[in-house]
Amino acid sequence: MNEERLLQVLLGPLVSEKSTNAADSNRQFTFRVLPDANKLEIRHAVEKLFDVKVVSVKVLNVNGKVKRFGQIAGRRNDWKKAYVKLAEGNDIQFAGGA
């Protein structure tokens, strides 16, 4: 795997009520990833950046919402998110210390 590519695959964590509940109950974390990233790249990127063991990766393509700006119809960009399940005993801390 190209190390430079792995550093670019993860765009950021998704923090929402749903993702927080998944992290607390299943050790499953949610990330926004590049649209052309595959499961293997996502797995290696998470393992490298956070020094954890990944059990599984599930990806989901999210369609952009159709929005109106006055009389002009517009559309937000499509994006991809990944659900990453960690092995027992591994954890990722996004916040400072709690």
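Just above, that's the structure.
Residues numbered from 1 in each chain as written. Predicted model: local features only at pLDDT ≥ 70, side-chain atom pairs only at ≥ 80, totals over all residues. Heavy atoms only, no water.

1. Some words on the nonpolar core
Among the nonpolar cores identified, the biggest contains 19 residues, and Leu10, Phe31, Ile42, Val46, Val84, Leu86 and Ile92 are the most heavily contacted of them. For this core, the secondary-structure elements that each account for two or more residues are α1 (3–9), β2 (28–33), α3 (39–50), β3 (54–62) and β6 (79–86). Beyond its immediate stretch of four places on either side in the chain, Val46 contacts Leu10, Phe31, Asp51, Val52, Val54, Val84, Leu86 and Ile92. (Core = buried A, V, L, I, M, F, W, Y, C linked by side-chain atoms within 4.5 Å. Buried < 20%, exposed > 50% of the residue type's maximum accessible area, 1.4 Å probe, protein only. Helix = DSSP H or I, 4+ residues; strand = E, 2+ residues; numbered from the N terminus. Contact = heavy atoms within 4.5 Å.)

2. Some words on the pairing of β6
Among the 8 residues that make up β6, 6 are buried, leaving the element largely enclosed by the rest of the structure. As defined by bridge partners, β2 adjoins β6 across 6 bridges and the pair is classed as antiparallel. Considered in β6, the bridge of Phe31 is made with Ala82. Summarising the sheet, β3 and β6 pair through 8 bridges and their orientation is antiparallel. By the bridge assignment for β6, Ser56 is matched with Lys85. (Pairing = 2+ DSSP bridges.)

3. Considering the packing of aromatic side chains
All told, the structure shown has 1 aromatic pair when counted by the stated rule. Here the guanidinium or amino end of Arg32 rests over the ring plane of Trp79, the centre of that ring lying 4.4 Å away. (Phe/Tyr/Trp six-rings, centres within 6.5 Å; stacked < 30°, edge-to-face > 60°. Lys NZ or Arg CZ within 6 Å of the ring centre and 35° of its normal.)

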